[in-house]
Amino acid sequence: YLRRNLVLRRKEQKKKEISRSKILEIKIISFSAKGCSKAAEIAKGLEAMDSLYSCENFSPQRYISDDRTAALSESLDTWTAKNFACSDALIFVGAAGIAVRAIAPQVKQKTQDPAVVVVDELGRYAISLLSGHLGGANLLTQTVAGVIRAEAVITTATDINERFSVDTFAKDNGLYIEDMKLAKEISAAVLRDEKIGFISDAKVRGNMPDCLIRCEDIEQRQKLNIYIGRREITFKDTLNLRPRPYVLGIGCRRGKPLEELEQAAVSAAQKAGIRMEDIGTIASIDLKQDEEGLLQLCRKYKMKSRFYTASRLMSLEGSFSPSAFVSEITGADNVCERAAVAASEGGELIDKKRSLCGVTTALALKEEDRMEVSFE
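Overview of the structure. Counting of residues starts from 1 at the beginning of each chain's written sequence and follows it residue by residue. Where totals are concerned, whole chains, interfaces and linings use all residues; where local detail is concerned, this predicted model gives features only for residues with pLDDT of at least 70, and gives and counts side-chain atom pairs only at 80 or more. The basis for every side-chain value is the complete set of non-hydrogen atoms in the structure, without hydrogens or water.

What follows deals with the pattern of salt bridges. A side-chain nitrogen of Lys or Arg and a carboxyl oxygen of Asp or Glu constitute a salt bridge if their distance falls within 4 Å. If you walk through the whole model with that rule in mind, you get 24 salt bridges. Among the ionic pairs, Glu194 bridges to Arg192, the shortest N-O distance being 2.8 Å. Between Lys352 and Glu337 there is a salt bridge whose closest N-O contact spans 3.7 Å. Here Glu337 lies in helix H13 (residues 336-343) and Lys352 lies in strand E17 (residues 348-356), a separation of 15 residues in the sequence. What makes Lys352 partly exposed here is its relative accessible area of 37%. The buried label applies to any residue whose accessible area, calculated with a 1.4 Å probe on protein chains only, is under 20% of its type's maximum; exposed applies above 50%, and partly exposed to all values in between. According to the relative accessible area criterion, Glu337 is buried, its value standing at 0%. One network of salt bridges, in which partners are shared, links Glu178, Glu232, Arg242, Arg275 and Asp278. A run of DSSP states H or I qualifies as a helix once it reaches four residues; a run of E qualifies as a strand once it reaches two. Both are numbered from the N-terminal end.

Have a look at this one:
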């Protein structure tokens, strides 16, 4: 009881603070009494960790013996279709074949699919089934395996051969991969022990893997290369990993659907002359940290989310567009502009408040000298 209360207090404190990383929404489904028990163990273990996991458990009513699991009220196909689109990860506790058949109609591409992990009902194995790198299934598999003392089963070639993975590197550093086909070619080359050129306009921390050769300029590039920066590089042999330095601040009424939030976000990006892929973070007030449409927008475009208290937003200095109505409702006289500046860590507000579909947006740009990547 005391441990559970401590966990709840820690989670509540994290919600009150500035979010360092977005909460991962995980749906867990099981198909037997033993599986339901194991699923509850997984959820409890994940939520007790320092990382911000939020788990929802589902199982047929006849197998439920705990108070955190919801009764499955629809077919598995319907449940999967609904949660595949609005979750960061799905965990199936049961046979791998069940998971494969359930997700098959939903699988699109690795840049969009959520992580999918399978755990057998006895908790002997945790298997990374889908979206191992970009979706984070490999890391989640290892985390789950640690929680229940299972063996992690990971099959991606760069991982089992302990080689550099360009898509994992991009995900960890918040970079957008311009060409997934070329990224695959680079991974194949790494597995063949070939050297890859590495050009970066960003500061580099940590030790680069042996497969990368640091090039001071694009003209020194190798047979295959990775370029990190905002310049337009059009060489067919060079993979552009784009920093995402823009922050989109958003304010909205409760219950705004994804479609309207996305329309407002896309419009703001277009008017600022940037792409949605250039936006790495969505920021708002902490009252919106459970706003489903906002979280779906983050998941769709693989953006981080940052939420701030009203007092934190009001502590910012600068010229903002005040609203007495917004102040009365939220305690902050402006949400979108202040949140954008807060998440940009002192960056410049490049596009002030706009309103569309009942959604307010503003864009800020992080300072260029803050751009860095890490191999740690």
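We call Phe, Tyr and Trp rings a pair once their centres come within 6.5 Å, taking the six-membered ring for Trp, and we label the pair stacked below 30 degrees between planes, edge-to-face above 60, and tilted otherwise. With the rule as written, the count across this model stands at seven aromatic pairs. Each ring, one from Trp79 and one from Phe92, has its centre 6.1 Å from the other, and the planes form 85°; the classification is edge-to-face. Separated by 13 residues along the polypeptide, Trp79 in helix H3 (residues 76-86) and Phe92 in strand E4 (residues 89-93) bring together distant segments of the chain. Each of the two residues, Trp79 as well as Phe92, counts as buried. Ring centres of Phe169 and Phe198 lie 6.4 Å apart, and the angle between their planes is 75°; this geometry places the pair in the edge-to-face category. With Phe169 in helix H7 (residues 166-172) and Phe198 in strand E9 (residues 196-200), this pair connects stretches of sequence that are 29 residues apart. Just as Phe169 is buried, Phe198 falls in that class too. Of the aromatic side chains, those joined through ring pairs into one cluster are Phe164, Phe169, Phe198 and Phe375. Above the ring of Phe235, the side-chain terminus of Arg221 is found at 3.6 Å from the ring centroid. By the criterion adopted, a ring carries a charge over it if an Arg CZ or a Lys NZ lies within 6 Å of its centre and within 35 degrees of its normal.

Mapped onto the elements, Ala268 comes out in helix H9 (residues 258-271). Assessed through its relative accessible area of 1%, Ala268 is described here as buried. When the C-alpha positions of Ala268 and Ile285 are compared, they lie 19 Å apart, and in sequence the two are 17 residues distant. Not counting residues up to four positions away in its chain, the partners in contact with Ala268 are Leu248, Asp351, Thr361 and Leu363. Only heavy atoms enter the contact rule, under which two residues are in contact if any of them lie within 4.5 Å.

This part takes up the sheet that holds strand E6 (residues 125-130). Reading across the sheet, the seven strands line up as E3-E2-E1-E4-E5-E6-E7 and stay open at both edges, with mixed pairing between neighbours. With one partner strand each, in any of the chains shown, strand E3 (69-71) and strand E7 (151-153) form the two edges of the open sheet. Across this sheet, the average inter-strand angle for adjacent strands is 25°, counted without regard to direction. In this analysis an axis means a line fitted to C-alpha atoms, helices contributing only their contacting stretch, and an angle means the value between N-to-C directions, from 0 to 180 degrees. Running at roughly 150° to E4, H3 makes contact with strand E1 (24-30), strand E2 (53-59), E4, strand E5 (115-119) and E6 of the sheet. The criterion for strand pairing is that DSSP finds at least two bridges linking the strands in question.

For the rest of this paragraph, the subject is unusual backbone geometry. With a phi angle near 65°, Asp193 is a residue other than glycine that sits in the positive phi range. Within the secondary structure layout, Asp193 lies in the loop between helix H8 (180-191) and E9. When its relative accessible area of 56% is taken as the criterion, Asp193 is described as exposed. Even without being glycine, Cys357 reaches a positive phi, approximately 60°. Structurally, the position occupied by Cys357 is in the loop between E17 and strand E18 (359-365).

This next bit is on helix H5 (residues 137-148). Expected helix span is computed as 1.5 Å times (number of residues minus one). The end-to-end C-alpha distance of H5, which contains twelve residues, comes to 16 Å, matching closely the 16 Å that a straight helix rising 1.5 Å per residue would cover. Among the residues making up H5, those that are buried are Ala137, Asn138, Leu140, Thr141, Thr143, Val144, Ala145 and Ile148. Backbone geometry just downstream of H5 places Arg149 in the positive-phi region, at approximately 60°.

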